[in-house]
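# Breakdown of the fold
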Amino acid sequence: MIIVLKADVEADSPEVQRLIQTAESYPDVHTQLHRIQGATRSVTEVYLLGSTGVIPTEPFQEFACVERVVRVTEKYRSIGRHSGGLDAVGFEYNGVHVSQDSFHPFPGLCAVDRRENVEEMFRALHERGLKTSRAGAYKPRTSPYDFQGHGAACLPYVFELAGKYDIRIIAMEVTHESHLEEIQKALAESGQATGVMLQIGTRNAQNFELLKAVGQQTELPVLFKRGMGITLEESLNACEYVASGGNRRIVFCLRGMKTNLGDPHRNFVDFGHVPVVKRLTRLPVCIDPSHSVGRRSMAPDGLLDVFHVTAQGVIAGANLVLVDFHPHPEEALCDGPQALLMEELAPFLEDLSIAREAYEQRLRRVAVPPAES
Ligand code: PEP
Ligand code: MN
């Protein structure tokens, strides 16, 4: 059961404390407080966990501080659309608004290799007015003998350069709880030159301890990548671990499913799930065309497969596009063969605008009431 409090009610007010006592007076019931920060107001929710099936809703509805009581029988109690008054408003992080309505490309390096490549990347984004990128410092690799990322050592120059080129958010994968502290420390030492969205990679989609760790901090948002070999429902449940820890600033990312039925692509493109995730949850949805396609193949029409699948996701309403670029893919220490080239940045962004405009046009069509005959 979720008790949604009226906007701007303080969680430590005597009335809220009485409400919590009432809830916890029922056997095997405990409570959790969640504060959800929207763009213009904040809402506090009290979650009743445990044996809540037999608890009546009326005693809670009588509290003056209560806006409504929701009996959650649906799945996805925290990320679902039913959970409160700020459902699809998304979140604001480091001056960037992210929601089910916003649209932001995140082009960047799969893995940080050399300072010069990071600088070339960020400079190119800055020249086109982009403020969001990706840069991997901690790389989960299939073989232990492959490059594992420069880790904490590269963070100072990555953050310094991000600050220099006004990059506000870097999507950066973490593979261990200790990376959170390393990132926070380096951000503080850079004078908060930029912001980081913690990426949970597909291989860690069910690493529940890591999910709890990123969910229990609320400073940095989380980009959760769907598990490559589990159902959508299992991935959404795993994502729920992040939200139930208290962090509601989450983006859900589709990146293709591992099956040879998707050959010759690296993964089977699953962007048909963009509207499904938007319907089932309040989360903004990201697509990652690079890890889905995994190669630079071109269709006979002259467009790379990466461009084609990106357009499919964007025309279906994707809110973020995480995409690999590299100034010198032959030098890349990870995923060079799937990286787009710097001269492809402008055409890629143009393609994005065309697809996004087409999506917005489609929305306008459904918003118009049908003409009377
Ligand atoms: C990545 O984005 O660099 C990555 C490793 O992605 P995924 O977890 O989707 O394979
Ligand atoms: Mn990669």
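About the criteria used
Residues numbered from 1 in each chain as written. Chains lettered and ligands numbered in written order. Predicted model: local features only at pLDDT ≥ 70, side-chain atom pairs only at ≥ 80, totals over all residues. Heavy atoms only, no water. Helix = DSSP H or I, 4+ residues; strand = E, 2+ residues; numbered from the N terminus. Expected span 1.5 Å × (residues − 1). 1 Å grid on protein atoms, 1.4 Å probe; cavity = no way out; pocket = protein on both sides within 12 Å on 5 of 7 lines; lining within 4 Å. Points joined across faces, edges and corners; volume = space filled by probe spheres on them. Pairing = 2+ DSSP bridges. Axes fitted to C-alpha atoms, helices over the stretch in contact; angles between N-to-C directions. Contact = heavy atoms within 4.5 Å. Buried < 20%, exposed > 50% of the residue type's maximum accessible area, 1.4 Å probe, protein only. Near = heavy atom within 4 Å. Polar contact = N/O pair within 3.5 Å; in protein donor to acceptor, adjacent residues only side chain to side chain. Areas by Shrake-Rupley, 256 points an atom, 1.4 Å probe, with all protein chains shown as cover. Sits in = over half its atoms within 2 Å of the grid points. Parallel < 35°, antiparallel > 145°, perpendicular 65-115°, else oblique. Left-handed = near helix turned anticlockwise from the far one by under 90°. Core = buried A, V, L, I, M, F, W, Y, C linked by side-chain atoms within 4.5 Å. Nonpolar A, V, L, I, M, F, W, Y, C, P; charged D, E, K, R; others polar.

Helix length check: helix 3 (residues 115–127) (13 residues) gives 18 Å between terminal C-alpha atoms against 18 Å at 1.5 Å per residue, within 8%. Two residues or fewer after helix 3 comes Gly129, characterised by a positive phi angle close to 75°.

Let's shift gears to the layout of surface pockets. What the second largest pocket holds in volume is close to 210 Å³. Forming the boundary of the second largest pocket are 18 residues, of which Pro140, Arg203, Arg266, His291 and Asp335 lie nearest the centre.

Think of a sheet as strands paired side by side through backbone hydrogen bonds, with each pair either parallel or antiparallel. Reading around the barrel, the eight strands line up as 7-8-9-10-11-12-13-14 and close back on themselves, with parallel pairing between neighbours. Here the strands of the sheet are splayed against their neighbours by 25° on average, with no regard to which way each runs. Summarising the sheet, strand 7 (residues 104–109) and strand 8 (residues 132–135) pair through two bridges and their orientation is parallel. Bridge assignment links Gly108 to a residue of strand 8, and that residue is Arg134. Sheet strands in contact with helix 3 are strand 7, strand 8 and strand 9 (169–173), and its direction is about 160° off that of strand 7. Packed on one face of the sheet, helix 4 (residues 155–164) meets strand 8, strand 9 and strand 10 (195–200) and runs near 155° to strand 9.

This part is about unusual backbone geometry. Residues Asp263 and Pro264 are joined by a peptide bond in cis, for which omega reads 10°. One can find Pro264 in the loop between strand 12 (250–254) and helix 8 (274–280). Residues other than glycine seldom take positive phi values, yet Gln192 does so here, at roughly 50°. As for its placement among the helices and strands, Gln192 is situated in the loop between helix 5 (178–189) and strand 10. The exposure class assigned to Gln192 is partly exposed, which follows from its relative accessible area of 45%. Phi is positive for Asp335, close to 60°, though the residue is something other than glycine. By secondary structure assignment, the location of Asp335 is in the loop between strand 14 (320–324) and helix 11 (345–367). Taking relative accessible area as the criterion, Asp335 reaches 18% and is therefore assigned buried.

Turning our eyes to something else, we now look at helix 7 (residues 232–244). Between its terminal C-alpha atoms helix 7 stretches 18 Å, which fits the 18 Å expected from 13 residues at 1.5 Å a residue. All of the buried residues in helix 7 are Leu232, Ser235, Leu236, Ala238, Cys239, Glu240, Val242 and Ala243. Residue Gly246 follows helix 7 closely and has a positive phi angle near 125°.

In the neighbourhood of ligand 1, the contacting residues comprise Cys110, Arg134, Lys139, Glu173, Gln199, Gly201, Thr202, Arg203, Lys225, Arg255 and His291. At 2.8 Å from an oxygen atom of ligand 1 is found a side-chain nitrogen or oxygen belonging to Arg134. Contact distances for ligand 1 include 2.8 Å between an oxygen atom and a backbone N or O atom of Thr202. Protein chains bury 97% of the 300 Å² of accessible surface belonging to ligand 1 in isolation. When atoms are counted within 2 Å of each cavity's grid points, the one that captures over half of ligand 1 is the second largest pocket.

Our focus in this paragraph is the packing of helix 10 (residues 305–315) against helix 11. For any two helices packed against each other, one specifies the crossing angle of their axes together with the interaxial distance. Contact geometry of helix 10 with helix 11 gives a least axis separation of 8 Å together with a crossing angle of 30°. The angle between helix 10 and helix 11 places the two elements in the roughly parallel class. The element helix 10 and its partner helix 11 pack so that their crossing is right-handed. Here Val306, Phe307, Thr310, Ala311, Val314 and Ile315 of helix 10 come into contact with helix 11, specifically with Pro347, Phe348, Asp351, Leu352, Ala355, Arg356, Ala358, Tyr359 and Arg362.

Glancing now at the nonpolar core. Phe122, Val158, Phe159 and Ile183 are the most contacted members of the largest nonpolar core, which has 87 residues in total. Those residues within four positions of Val158 in sequence are excluded, and the remaining contacts are Val112, Val118, Phe122, Ala135, Ile170 and Met172. One finds Ile3, Leu19, Val29 and Val46 within the second-largest nonpolar core, a separate group that totals 17 residues.

Before going further, it helps to examine the packing of helix 3 against helix 4. Closest axis-to-axis distance for the helix 3/helix 4 pair is 10 Å, and the angle between their directions is 25°. By the angle between their directions, the pair helix 3 and helix 4 is classed as roughly parallel. In the crossing of helix 3 with helix 4, the sense of the turn from one axis to the other is right-handed. For the pair helix 3 and helix 4, the contacting residues are Arg115, Val118, Glu119 and Phe122 in the first and Tyr157, Val158, Glu160, Leu161, Ala162 and Lys164 in the second. For the contact of helix 3 with helix 4, the class distribution of residues is six nonpolar, no polar and four charged.

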